[in-house]
Amino acid sequence: MSEDGTPVTLYIYDLSKGLAPAISPFLIGEVVEGIWHTSIVIYGKEHFFGSDGISICDPGGTVLGEPQRTVDLGVTYIPRAVFDDYLEGLRSSTFKGDQYKLLKHNCNNFSNELSQFLVGQKIPQYILDLPEHILAKLSGSGFGQQLNGILSNLSASIQPTNGRREDSPDYVQLTSAIEEARRTSHVLEEKRNELNEKLARREKKKNKKKRKESKRACSVISNGHSSSGEIFSEVSRYREEQSRMSEPVEVIPSAENGGNHVTSQEVDDLEAEERREREERKKMRDPPVVFRDLLDIRVEFDALVGLIDGKLSPEEMQSLEELHQYMLEDEGSWALGDSFLTFIDRLLHDKTLSEEVAIKTLNVLACAALKDDVILLLHQDRKEHILMNYANEVDRLPLEQQKGLALFMCNLFENISSSEWMLYISEWQLGTTQISNIRVTTKVAVNSLLSDNADLKDRGSAIVHNLACKEVKTVVFDDVAVELTMAILQFFNSSPPEEHLFRCMKALTRFCQISSQDVPQLIQMIGPNPSTFKGKSERIDNCIAEISKKLR
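Note that the structure is predicted; figures quoted are calculated from it, not measured.

(A) Highlighting the environment of isoleucine 547. Tracing the chain through its elements places isoleucine 547 in helix 23 (residues 538–551). In contact with isoleucine 547, other than residues within four places in its own chain, are Met505, Leu508, Thr509, Cys512, Ile523 and Pro530.

(B) Looking closely at the nonpolar core. Ranked by internal contacts, the top residues of the largest apolar core, which has 98 residues, are Phe408 and Phe492. Aside from chain neighbours lying at most four places away, what touches phenylalanine 408 is Leu362, Leu365, Ala366, Ala369, Leu378 and Leu387.

(C) The arrangement of the sheet that holds strand 4 (residues 53–57) in detail. One open sheet accounts for 5 strands, arranged 4-3-2-1-5; its pairing is antiparallel. Two strands bound the open sheet, and with one partner strand each, they are strand 4 and strand 5 (69–76). If you compare each strand with its neighbour and ignore which way they point, the axes differ by 25° on average. Here 5 bridges tie strand 3 (residues 45–50) to strand 4, and the two strands are oriented antiparallel to one another. From the neighbouring strand, glycine 50 faces strand 4, where its bridge partner is glycine 53. Each of strand 2 (36–42), strand 3 and strand 4 touches helix 2 (residues 80–91); the most contacted strand, strand 4, lies at about 140° to it.

(D) The packing of helix 19 (residues 454–468) against helix 21 (residues 498–514), seen in detail. Between helix 19 and helix 21, the shortest axis-to-axis distance is 8 Å and the interhelical angle comes to 30°. Our classification of the angle between helix 19 and helix 21 gives roughly parallel. Here helix 19 runs over helix 21; the crossing is left-handed. Each of Ala454, Lys457, Asp458, Ser461, Ala462, Val464, His465 and Ala468 in helix 19 lies in contact with helix 21, whose residues at this interface are His500, Arg503, Cys504, Lys506, Ala507, Arg510, Phe511 and Ile514. Its residues placed into classes, the contact of helix 19 with helix 21 shows 8 nonpolar, 3 polar and 5 charged.

(E) How the structure looks around the pairing of strand 3. Most of strand 3 sits inside the fold, with 5 of its 6 residues counted as buried. Both strand 2 and strand 3 contribute to a ladder of 3 bridges, which runs antiparallel. Within strand 3, the position partnered with isoleucine 40 by the bridge is histidine 47. Here strand 2 hands over to strand 3 after 2 residues, with tyrosine 43 in that stretch at a positive phi of 55°. Here strand 3 folds back onto strand 4 in antiparallel fashion, the turn holding 2 residues.

(F) A look at the environment of serine 92. Among the structural elements, serine 92 can be located in the loop between helix 2 and helix 3 (107–119). For the pair serine 92 and isoleucine 54, spaced 38 residues apart in sequence, the C-alpha separation works out to 9.6 Å. A polar atom in the side chain of serine 92 sits 3.2 Å from the backbone oxygen of glutamate 88. Only 3.3 Å separates the side chain of serine 92 from the backbone oxygen of glycine 89, close enough to count as a polar contact.

(G) The pattern of salt bridges, seen in detail. Within this structure, the stated rule accounts for 20 salt bridges. Its salt-bridge partner being aspartate 84, residue arginine 80 comes within 3.6 Å of it at the nearest N-O pair. You can see arginine 80 and its partner aspartate 84 sitting in helix 2, 4 residues apart, about one turn around the helix. Overall, the relative accessible area of 32% leaves aspartate 84 in the partly exposed class. The residue arginine 292 makes a salt bridge to glutamate 414 at a minimum N-O spacing of 2.6 Å. Here glutamate 414 lies in the loop between helix 16 (399–411) and helix 17 (416–421) and arginine 292 lies in the loop between helix 9 (264–284) and helix 10 (297–308), a separation of 122 residues in the sequence. Exposure remark for arginine 292: the relative accessible area of 44% places this residue in the partly exposed category.

(H) Geometry of the packing of aromatic side chains. For the structure shown, the criterion picks out 10 aromatic pairs. An angle of 90° between the planes, with centres 5.0 Å apart, marks the rings of phenylalanine 49 and phenylalanine 95 as edge-to-face. Of this pair, phenylalanine 49 sits in strand 3 while phenylalanine 95 is found in the loop between helix 2 and helix 3, placing the two residues 46 residues apart along the sequence. Residue classification places phenylalanine 49 among the buried residues on the basis of a relative accessible area of 1%. Every member of this aromatic cluster is reached through a ring pair, and the members are Phe49, Phe95, Tyr100 and Phe110. The ring centre of tyrosine 326 lies 4.7 Å from the NZ or CZ of lysine 371, which sits over that ring. Arginine 539 extends its terminal NZ or CZ atom over the ring of phenylalanine 502, reaching a point 4.0 Å from the ring centre.

(I) Spotlight on helix 16. Under the 1.5 Å per step criterion, the end-to-end length of helix 16 is 18 Å for 13 residues, consistent within 8% with the ideal 18 Å. Inspection of helix 16 places Gln401, Gln402, Lys403, Gly404, Leu405, Ala406, Leu407, Phe408, Met409, Cys410 and Asn411 among the buried residues, and these make up the whole buried set.

(J) Representation of the pairing of strand 1 (residues 6–14). Where burial is concerned, most of strand 1 is hidden: 8 out of the 9 residues are buried. Pairing geometry for strand 1 and strand 5, over 7 bridges, is antiparallel. Bridging across to strand 5, tyrosine 11 finds its partner in threonine 70. Note that strand 1 and strand 2 share 6 bridges and pair antiparallel. Residue pairing across strands places isoleucine 12 opposite threonine 38, the latter belonging to strand 2.

Rules of the game
- Residues numbered from 1 in each chain as written.
- Predicted model: local features only at pLDDT ≥ 70, side-chain atom pairs only at ≥ 80, totals over all residues.
- Heavy atoms only, no water.
- Helix = DSSP H or I, 4+ residues; strand = E, 2+ residues; numbered from the N terminus.
- Contact = heavy atoms within 4.5 Å.
- Core = buried A, V, L, I, M, F, W, Y, C linked by side-chain atoms within 4.5 Å.
- Buried < 20%, exposed > 50% of the residue type's maximum accessible area, 1.4 Å probe, protein only.
- Pairing = 2+ DSSP bridges.
- Axes fitted to C-alpha atoms, helices over the stretch in contact; angles between N-to-C directions.
- Parallel < 35°, antiparallel > 145°, perpendicular 65-115°, else oblique.
- Left-handed = near helix turned anticlockwise from the far one by under 90°.
- Nonpolar A, V, L, I, M, F, W, Y, C, P; charged D, E, K, R; others polar.
- Polar contact = N/O pair within 3.5 Å; in protein donor to acceptor, adjacent residues only side chain to side chain.
- Salt bridge = Lys/Arg side-chain N within 4 Å of Asp/Glu carboxyl O.
- Phe/Tyr/Trp six-rings, centres within 6.5 Å; stacked < 30°, edge-to-face > 60°.
- Lys NZ or Arg CZ within 6 Å of the ring centre and 35° of its normal.
- Expected span 1.5 Å × (residues − 1).

Below, the structure is given as structure tokens:
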């Protein structure tokens, strides 16, 4: 030891390897920066405490590699021999291996003990407070014991690379997977850019098509269709032709939609390309789980009319008539006027109306979701986001409204165009929060799946299944695959029936394909292992076999 003293350094590691900020909001409702493991470096050696007692290695010489950060605690003037004697005393008393307790007597408590002995100060308080904070948040949630086991397994894997025990193969595999995910994270941004460019090109083509058809309609009107009946007939034909166009796509705000001349041959070529793409998507698409026969639209509509009779303005009465034409007279969605969604907004939110009004409105919308041209209704909502803003409040809605909302969103997967609408990634501001269609859809799915209500679980498992099976690989799921996987793993702890288990197991199979690094890693960290459910049915066993390939 020099006259200037010996430096004492705190090494801080994150056991989650960067996953804590992603999974902690789901587990405890707030962001946790890391799951901290610490050690003390002094006299050229790193000292830490674990289930094998006190261990010593070269700095950075465990399977954790280099620390996430270091803190200079100061210098000590305690002689090396005195420190060694003190360490031996701890090794045989308060810090024996069998006294290790993950959340009460752990590596951080050991580091704090050494720090106070060597330099007379504690390690940072946020590290010491974290275990108790997590336990308090998880009390009664069912996750406390599970998380304890996860972290215990991780802690047990921390050994010197040149120590008396070989590195844990599971931990090395986990670390490799996380590092690979980090190295490839830039791919996400590239995929998003490609998606935006593709959607912008397709929207530009759509606008050219619409302008072309509009000019043709105007030309017909100006060339002799002088009666109002003939004009209405031509306009109706034009609207119906628009409703039969291939599914609309999300408008990218930054896309430039005009200015260049496009020939009719170019439009035809673009249409042919889109038809080919649509056919390819259909081939890849698994049949969605929808609830086609659950409701009788005439019964639901009549009940709604009875509840709001005498409580509507003339304009709202017109919207009600439009809804009647659309749902009961099989008119196209062109029959719905510009103020129709404002009418729906009132039915969903007006507290002066019976709560049953919102329920019946959602049931009618659930029936509408099965119609081929419902996408045109959804696209009326681009500006106000009435439907998605309402859906974003799912966890604060009464149970029956939650059930109606989940049914509506589940049935939207009946058609490719409306299911794609639910996956849009463009964000808008709601209060202080940025939300998007895919984030709201995910929220409804998770809320429903983890509900205590059997009907909501049924519809939640269907939405999760439909989300995962939308395509074999879809860029938008990079943002939500972790959240959906966490929900599925928690749902597995509730002893679900075979049908619900199959839907979620199938979804987990797809998520392993979509997010081939993060999802298998989460399954291994959190569990339960899918193999737990072997023997439930042949189709579940097939899913388990596919997932197991990703876990190797």
